[in-house]
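Here is what each chain is made of, one letter per residue.
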Amino acid sequence: MPLMRQMGENMTQETNQKSKALKVVLAVAAMLVIIAGMLFLYSKFSPKPVVGAKAITVDVVDDAGTLKEYSLNTDAEFLKQALEEIEDLEITGEDSDYGFMVTAVNGLQAVYDVDGAYWSFYVNDTYCEYGVDAQPVYDGDAFKIEYTLAE
Amino acid sequence: MESGDSMADLSDITAKKEKMPVPIKDIAQIGVMVATIEAAKISLLFLPNVELVTLFIILYTLFFRKKTIFAIYAFVLIEGILYGFGIWWIMYLYIWPLLAMITYLCRKVVSLWFWCLLSATFGLLFGALCSIPYLFVGGPTMAFTWWIAGIPYDIIHGIANFTLCLILFVPLRSILHRITGQSQKELQL
């Protein structure tokens, strides 16, 4: 009988220990669930920095009248920087006394003295009053760059 | 004559002692508690959201019970004097006493894991609890936004609290046990 009692006590102790271990595991698991929940809430509701607060479009019309459209979200202050941010758009030019002069767009050259043509810049269907590096960029602006033959 | 004066002084002191609303021993204990909590706070200031105040308040509540509340408010007052009485100070007025209250209610628990998990939970919910004043300042949206923005820090706080409690709870408890001579139940893992 004492042996049986001893065995019974041992079994009770073992069960108690298992129960305690289970409680600890459950508590730690609950803690991890709380952390996961908090991370989820953070990823869902935390303030996100606005990358490129201004949305603009740029249409390029080449010498054959073909239109290529680009859109961009940018923080650029001036058009030159915005155009440089467009991956598929290649702008070539040179600095002059009057600012940056665009000589080629996507490899298509338009130099007045050589080709009798130039690249015209429009903003919201109005001819740009400033050079490409001085033309301000506002949210919602629609730019057009057009191959134009000299008259 | 001198002997008579001494006797009179002694009886004065005894009379004063009897009249003291708070025993000198308690005042001394509270003073030491405040000093150690403040020192613990300042010593880890260079690590954001890693602090020993939680652990100290838990341990002090376990040993010194209701006296800890005086130490907490003295600590909060010192913090206000040192860093200014901003909105965070209002948070401190209820957040640390809340921890002491929870600890007091669970004072019979002898599991080390329990205290580690309480510390961790307190750290994780610190931001949520602290956002309560913003409910009155800017409404639920402001409180929610404020809490969300601080979640990464709360997670660091929770993990740090858990780790510090796991490492320091047993040695600090045994030091307090030796100092106070109080017998506490054996901790269980």
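Residues numbered from 1 in each chain as written. Chains lettered and ligands numbered in written order. Predicted model: local features only at pLDDT ≥ 70, side-chain atom pairs only at ≥ 80, totals over all residues.

### Remarks on the sheet that holds strand 6 (residues 117-123) of chain A
Residue and element names in this part refer to chain A. Worth spelling out the cut-off: Here, a strand pair is defined by DSSP locating no fewer than two bridges between the strands. Secondary structure elements are defined from DSSP: runs of H or I of at least 4 residues count as helices, runs of E of at least 2 residues count as strands, and each element is numbered from the N terminus.
Spatially, the 5 strands line up as an open sheet ordered 2-1-8-6-7, and their pairing is mixed. In this open sheet, the two edge strands, each paired with only one partner strand, are strand 2 (67-74) and strand 7 (126-127). Here 7 bridges tie strand 6 to strand 8 (residues 142-149), and the two strands are oriented antiparallel to one another. Across the sheet, the residue bridging to phenylalanine 121 is isoleucine 145, located in strand 8.

### Considering the sheet that holds strand 4 (residues 99-105) of chain A
All names here are of chain A. The 3 strands lie next to each other as 3-4-5, forming an open sheet whose pairing is antiparallel. Two strands in the sheet have a free side with no partner beyond their single neighbour: strand 3 (91-96) and strand 5 (108-109). The pairing of strand 3 with strand 4 spans 6 bridges and is antiparallel. The partner of threonine 92 across the bridge, within strand 4, is alanine 104.

### Focus: the environment of isoleucine 132 of chain B
Position of isoleucine 132 of chain B among the secondary structure elements: in helix 7 (residues 132-149). Along the chain, isoleucine 132 of chain B and isoleucine 90 of chain B lie 42 residues apart, while their C-alpha atoms are 9.8 Å from each other.

### Digging into the nonpolar core
Going by this rule: Residues of type Ala, Val, Leu, Ile, Met, Phe, Trp, Tyr and Cys that are buried and joined through C-beta atoms within 7 Å form what is called a nonpolar core. Labels follow a simple rule on C-beta atoms placed from the backbone: if 20 or more others lie within 10 Å of a residue's own, it is buried; if 12 or fewer, it is exposed; otherwise it is partly exposed.
In this structure, Phe56, Ile57, Ile58 and Ala71 of chain B are the most contacted members of the largest nonpolar core, which totals 38 residues. Every element with two or more residues in this core is listed here: helix 2 (24-43), helix 3 (53-64), helix 4 (67-83), helix 5 (87-105), helix 6 (112-130) and helix 8 (151-180) of chain B. Here this core takes 10 residues from helix 6 of chain B, the largest share from any one element. Counting residues in hydrophobic clusters, the runner-up holds 16 residues, among them Leu79, Ala82, Ala110 and Ile145 of chain A.

### Here's the deal with unusual backbone geometry
All names here are of chain A. The phi dihedral of asparagine 124 is positive, around 50°, even though this residue is not glycine. For asparagine 124, a count of 11 C-beta atoms within 10 Å corresponds to the exposed category. Even without glycine at this site, aspartate 125 takes up a positive phi of about 70°. Within the fold, aspartate 125 resides in the loop between strand 6 and strand 7. A count of 7 C-beta atoms within 10 Å places aspartate 125 in the exposed class.

### Some details on the pairing of strand 4 of chain A
All names here are of chain A. In this structure, the hairpin formed by strand 3 and strand 4 is closed by a connection of 2 residues. Sheet topology places strand 4 next to strand 5; 2 bridges connect them, and they run antiparallel. Opposite alanine 104, over in strand 5, you have glutamine 109 as the bridge partner. Between strand 4 and strand 5, which pair antiparallel and follow one another directly, the connecting turn spans 2 residues, one of which, asparagine 106, has a positive phi of 50°.

### Observations concerning the pairing of strand 8 of chain A
Summarising the sheet, strand 1 (residues 54-61) of chain A and strand 8 of chain A pair through 5 bridges and their orientation is parallel. Considered in strand 8 of chain A, the bridge of valine 58 of chain A is made with phenylalanine 143 of chain A.

### Observations concerning helix 4 of chain B
Residue and element names in this part refer to chain B. Operational definition: One fewer than the residue count of a helix, multiplied by 1.5 Å, yields its expected span. Note on contacts: residues are paired as contacts if their backbone-placed C-beta atoms lie within 7 Å.
With 17 residues, helix 4 extends 25 Å between its outermost C-alpha atoms, agreeing within 8% with the 24 Å of an ideal straight helix rising 1.5 Å per residue. Of the surrounding secondary structure, the elements contacted by the buried residues of helix 4 are helix 2, helix 3 and helix 5. A positive backbone phi angle near 95° is found at glycine 84, which sits one or two residues after helix 4.

### Thoughts on the confidence of the model for chain B
Residues and elements named next belong to chain B. Selection rule: pLDDT runs from 0 to 100 and stands for how confident the predictor is about each residue.
The predicted model of chain B has a mean per-residue pLDDT of 88, with 86% of residues at 70 or higher. Per-element mean pLDDT across chain B ranges from 55 in helix 1 (residues 2-19) up to 96 in helix 3. We note a pTM of 0.65 for the whole complex and an ipTM of 0.75 for its interfaces.

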